Amino acid sequence: AARAWHAEQAVNLSPRYAVQILERLFNHVFPLIGPMPLRSISAQHILAVIRRIEDRGTHEMAHRVRLHISDIFVWAIACGLCGQDPASVIRKALKPTDPQLRPALIKIAKAREVLTRTEGMESASWSPLLASRLLALTAARPGVIRLAEKPEFEQLDSDKPIWRIPAAKMKLTRRRKRDAAWEFIIPLSHQAAAVVKTAMALSPSSSPLFPGAYGWRKPINPNMLSSLYRLAGL
């Protein structure tokens, strides 16, 4: 039942997220209740699954797995395979999640300090430094910044420069990623446009705006920006 539910859901999910869901089922659910007939699985059985996850201290994961199990049972009810969703009963029995505040710097002075500290490092190369500056000037997702390509930037010398991000690069369902209507356009400030033009002049590649140090045909490493901030003591 779980595999059939997942096969239907995966059509509209990104490949990465679809794999994550299946891994959660294999790691946490199948070992305990996978072989059991749907109608014989009780709320206590599912709570036992969830408690094992909570005992590891991963409360957020526990909530996600319970939701997956509940979705599977709702699908099974619709298919006539069982009559109730025991995972919905235990929802309020779960331990609360541990919300973690992200260390976002939302004050101008602090944000400037990040740029000052990173751009003052003699060991840092131009590619991650310019990527960091474009990140600060656009608030785009770091993954989108890293994968930025030269043809995505338009009208850089005009009064209305833009960055046209293809839908395939956005955090969307698989169906929407294939639909050009879901592309995302970021109006660029003149300062952001200047960063892009500088990167274009420095990059020997025809595509990646921020090429890696050891292969200019590929973008910078996924962890490059995080490493830059850590090296700066942030």
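Residues numbered from 1 in each chain as written. Predicted model: local features only at pLDDT ≥ 70, side-chain atom pairs only at ≥ 80, totals over all residues. Heavy atoms only, no water.

*Asks:* I'm lost on the packing of helix α7 (residues 126-138) against helix α10 (residues 190-202) in this one. Help?
*Replies:* Between α7 and α10, the shortest axis-to-axis distance is 9 Å and the interhelical angle comes to 160°. By the angle between their directions, the pair α7 and α10 is classed as roughly antiparallel. In this structure, α7 meets α10 at a crossing whose hand is left-handed. Here Trp126, Leu130, Arg133, Leu134, Leu137 and Thr138 of α7 lie close against α10, whose contacting residues are Gln191, Ala192, Val195, Val196, Thr198, Ala199 and Leu202. Of the residues in the contact of α7 with α10, the class split is 9 nonpolar, 3 polar and 1 charged. (Axes fitted to C-alpha atoms, helices over the stretch in contact; angles between N-to-C directions. Helix = DSSP H or I, 4+ residues; strand = E, 2+ residues; numbered from the N terminus. Parallel < 35°, antiparallel > 145°, perpendicular 65-115°, else oblique. Left-handed = near helix turned anticlockwise from the far one by under 90°. Contact = heavy atoms within 4.5 Å. Nonpolar A, V, L, I, M, F, W, Y, C, P; charged D, E, K, R; others polar.)

*Asks:* Just to check I follow, could you spell out the environment of glutamate 152 for this structure?
*Replies:* If you trace the backbone, glutamate 152 turns up in the loop between α8 (142-146) and β1 (153-154). Residues in contact with glutamate 152, not counting those within four places in the same chain, are Leu147, Ile162, Trp163, Arg164, Pro166 and Lys169.

*Asks:* Sorry if this is basic, but what is going on with the packing of aromatic side chains here?
*Replies:* The description of an aromatic ring pair uses the distance of the two centres, along with the angle that the planes make with each other. Tallied over the full model, the rule gives 2 aromatic pairs. Here phenylalanine 26 and phenylalanine 30 contribute two aromatic rings whose centre-to-centre distance is 5.1 Å and whose plane-to-plane angle is 75°, an arrangement assigned as edge-to-face. Within this pair, phenylalanine 26 and its partner phenylalanine 30 are both found in helix α2 (residues 15-33), separated by 4 residues, close to a single helical turn. Accessibility expressed as a relative area gives 39% for phenylalanine 26, which makes it partly exposed. Ring geometry for phenylalanine 153 versus tryptophan 163: centroids 5.0 Å apart, planes at 25°, classification stacked. A residue pair is termed long-range when its members are at least 10 positions apart, and phenylalanine 153 in strand β1 and tryptophan 163 in strand β2 (residues 162-165) qualify at 10 residues. (Phe/Tyr/Trp six-rings, centres within 6.5 Å; stacked < 30°, edge-to-face > 60°. Buried < 20%, exposed > 50% of the residue type's maximum accessible area, 1.4 Å probe, protein only.)

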